[in-house]
Amino acid sequence: MTDGGAMFRLAVRSIRYRAGSFVASLLTLTLGAIILMTFAALLDTSADADAQTAETLTIMASVVGGWGLVIVTFAAASTLTLQVRQRSTEMALLRTVGATPAQIRRLVLIESVTLALIAVLIALVPSRLTSHVLVDLLKDARQVPAELPAAFGPIAIGIGLGVTLASAVLAALLAARRATTARQRGRSRARLIAGAAVLVAGISSGTVVMVVFDGTEPAIMAFSGQGAILCAIGLALLSPPIITAIATLLSPLRGVRGYLTVLNLRGHTHQMATALAPIILFTGLATGTLYMQRIENESGTRMPAHVAPTIETLNYVVVGMVTLFAAVMLINTVVAATLYRRREFGQFRLAGSTRPQVLGMVGAEASVLAGTGVLFGTLAATATVIPYSVVKTNSVLPDTTITIYLAVVLTAAALTLVTSVVSARRATNRPAIETVRVD
């Protein structure tokens, strides 16, 4: 049997044996494929539309699909990296019995491609339904003619398959590289540089809005939205040093719970950073986009009547897409990271900690993550809100309600806390001696 055939059989067996741990990656890829194919189907629909409608649909598909690609790739990379890191013992065993780094990379790649293909197949039916719902919403908003039929064809399927596979392959290569090289410092430096570069790009986008635009151009919202997206992704990439800094700031905390919280932040830096990233994305993108649209609605310099409704609809659709995706990414990450610590929780209980104390420790960690994610997500949102407010209202801060921000913050905090505590309860529902004995 060829080496590729052996790796394929091993990958299939690994997926079967670790079906539960692969569910998070499959769910992420499936939801990403649904989002991508839903908006790519607008290109299929545009084939039967007039020139102006076709342009509207193409713009919407390009903008949402382009940022969808970035977000899906980042989410897939984060989920697969966490999954591969949790299989470090398995990877080390494969190296011990003679597997080369190239074979391990091929194993992870085959697993990821297999999951991506399954995800696209699962996503076909719901994508067809959601694409029709999206066209119906555009009809209700009078953005497309009422008689225009919704289409779901080769463009949607091709883009969904191609982009999902590309995201899975890129994520697998990044995750496999981490599993097969010991140059941790070099990887950390590369991530730091990438995060700083994306963050600078986001700040630059906001600067361009304030310097170049006068508030009447249709493209202003696209440029302003990029600021929050890029800054949120940049800060998410910088989440490991952020977790380290937060742990240092909290080191003076007294009491057992405070001590264990700081200890776990330092001992599980990468897992905590992976959970922090979707909180930053959720808070930054939701706050930035919602307030940008709120400023546009309340300003006296609204865009032309034929453009404003399209952009408003697009913004709310993007917010819904990103919010749902970030929420699923957050739930997947927190559940996977918490359940993986089942053995650690059992050791705490055997050492004398009670189950409520363990749950309290997890709740404290989740509170720190939620607070940190909301803080840096808010900072990311300012890259959109401040420039847009300056251009539209000549004011640094918008004169509008704080209700939107409070709703975003409460949602992010509740999602983090509930998911963490529920996962911890599930991880501690067995006798401690059994969880310690399980490898």
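Calculation notes
Residues numbered from 1 in each chain as written. Predicted model: local features only at pLDDT ≥ 70, side-chain atom pairs only at ≥ 80, totals over all residues. Heavy atoms only, no water. Helix = DSSP H or I, 4+ residues; strand = E, 2+ residues; numbered from the N terminus. Buried < 20%, exposed > 50% of the residue type's maximum accessible area, 1.4 Å probe, protein only. Contact = heavy atoms within 4.5 Å. Axes fitted to C-alpha atoms, helices over the stretch in contact; angles between N-to-C directions. Parallel < 35°, antiparallel > 145°, perpendicular 65-115°, else oblique. Left-handed = near helix turned anticlockwise from the far one by under 90°. Nonpolar A, V, L, I, M, F, W, Y, C, P; charged D, E, K, R; others polar. Core = buried A, V, L, I, M, F, W, Y, C linked by side-chain atoms within 4.5 Å. Expected span 1.5 Å × (residues − 1). Bend = angle between axes of the 7 residues up to and from the residue. Polar contact = N/O pair within 3.5 Å; in protein donor to acceptor, adjacent residues only side chain to side chain. Patch = residues over 30% accessible without salt bridge, like charges linked within 9 Å, V, L, I, M, F, W, Y side chains within 5 Å. Areas by Shrake-Rupley, 256 points an atom, 1.4 Å probe, with all protein chains shown as cover. Salt bridge = Lys/Arg side-chain N within 4 Å of Asp/Glu carboxyl O.

**Q** Any chance you could explain the overall build of the chain here in plain terms?
**A** Counting its regular elements, the chain contains 16 helices and zero strands. Burial status across the chain gives 51% buried among its 439 residues. Within the chain, contacts between residues separated by at least 24 positions form 84% of all contacts whose residues are at least 6 apart in sequence.

**Q** Sorry, what's going on with the packing of helix α11 (residues 269-298) against helix α14 (residues 355-393) here?
**A** A pair of packed helices can be characterised by two numbers: the angle between their axes and the separation between those axes. One can describe the packing of α11 onto α14 by two numbers: an axis separation of 7 Å at closest approach and a directional angle of 30°. Classified by the interaxial angle, the pair formed by α11 and α14 is roughly parallel. Crossing angle aside, the handedness with which α11 passes α14 is right-handed. Each residue belonging to the contact of α11 with α14 can be placed in one class, and the counts come to 16 nonpolar, eleven polar and three charged.

**Q** What exactly am I supposed to notice about the nonpolar core here?
**A** The tendency in soluble globular proteins is for nonpolar side chains to be buried side by side. Core analysis: the biggest nonpolar cluster contains 58 residues, and Phe39, Leu42 and Phe74 have the highest contact counts within it. Examining the composition of this core, we find that eleven residues originate from one element, α11, more than from any other. Sequence-distant contacts of Phe74, defined by excluding residues within four places in its chain, comprise Ile233, Ala236, Leu237, Ala277, Leu281 and Met329. One finds Phe213, Ile220, Val385 and Val391 within the second-largest nonpolar core, a separate group that totals eleven residues.

**Q** Where do I start with α14 in this structure?
**A** An α-helical turn contains 3.6 residues, so a residue and the one three or four places further along point in the same direction. In a regular helix each residue adds 1.5 Å, so 39 residues correspond to 57 Å; α14 covers 53 Å between its end C-alpha atoms and thus fits that length. Its axis deflected by about 35° at Thr382, α14 carries its strongest bend there. Immediately downstream of α14, the backbone of Asn394 shows phi near 60°, a positive value.

**Q** Which parts of the structure should I look at to understand the side chain of Thr30?
**A** Mapping Thr30 onto the fold places it in helix α2 (residues 19-46). For Thr30, the side chain forms a polar contact with the main-chain oxygen of Leu26, separated by 2.7 Å. Once you skip the residues sitting within four places of it in the chain, Thr30 turns out to touch Ala119, Ile122 and Ala123.

**Q** I would appreciate a short explanation of unusual backbone geometry in the present structure.
**A** Among all residues save glycine, negative phi is the norm, and among peptide bonds the norm is trans. A positive phi angle is found at Asn394, which is not glycine, with a value near 60°. Within the fold, Asn394 resides in the loop between α14 and α15 (403-427).

**Q** I keep staring at the packing of helix α8 (residues 220-237) against helix α9 (residues 239-250) and nothing clicks. Help me out?
**A** It is the contact of α8 with α9, at a shortest axis distance of 5 Å, that shows an interaxial angle of 65°. Taken together, the residues of α9 that come into contact with α8 (itself represented by Leu235, Ala236 and Leu237) are Ser239, Pro240 and Ile242. Among the residues making up the contact of α8 with α9, the classes are represented as five nonpolar, one polar and no charged.

**Q** Sorry, what's going on with the environment of Thr274 here?
**A** On the secondary structure map, Thr274 appears in helix α11. When the C-alpha atoms of Thr274 and Leu330 are compared, they prove to be 8.8 Å apart, with 56 residues separating the residues in sequence.

**Q** I would appreciate a short explanation of the side chain of Ser127 in the present structure.
**A** Note on placement: Ser127 falls in helix α5 (residues 101-140). A residue is classified by how much of its surface remains accessible, and Ser127, at 0% relative accessible area, is buried. What Ser127 contacts, discounting residues up to four positions off in sequence, is Ala33, Ile34, Met37, Thr38 and Phe152.

**Q** Before we go on, may I ask you to explain a nonpolar patch on the surface in this structure?
**A** Judged by side-chain polarity, Val208, Met210, Val211, Val212 and Phe223 come together as a nonpolar surface patch covering roughly 430 Å² of accessible area. For Met210, the location among the structural elements is in helix α7 (residues 184-212).

**Q** Mind showing me how you'd approach the environment of Ser25 here?
**A** Mapped onto the secondary structure, Ser25 falls in helix α2. For Ser25, a relative accessible area of 2% gives the class buried. The spatial distance from the C-alpha of Ser25 to the C-alpha of Ala76 is 6.7 Å, given a sequence separation of 51 residues.

**Q** Looking at this model, I keep getting lost on the environment of Ser188. Mind explaining?
**A** With respect to the element layout, Ser188 can be found in helix α7. C-alpha of Ser188 to C-alpha of Pro241: the two residues are 53 residues apart in sequence and 9.3 Å apart in space.

Such coordinate-based values are descriptive only and should not be taken to indicate function.
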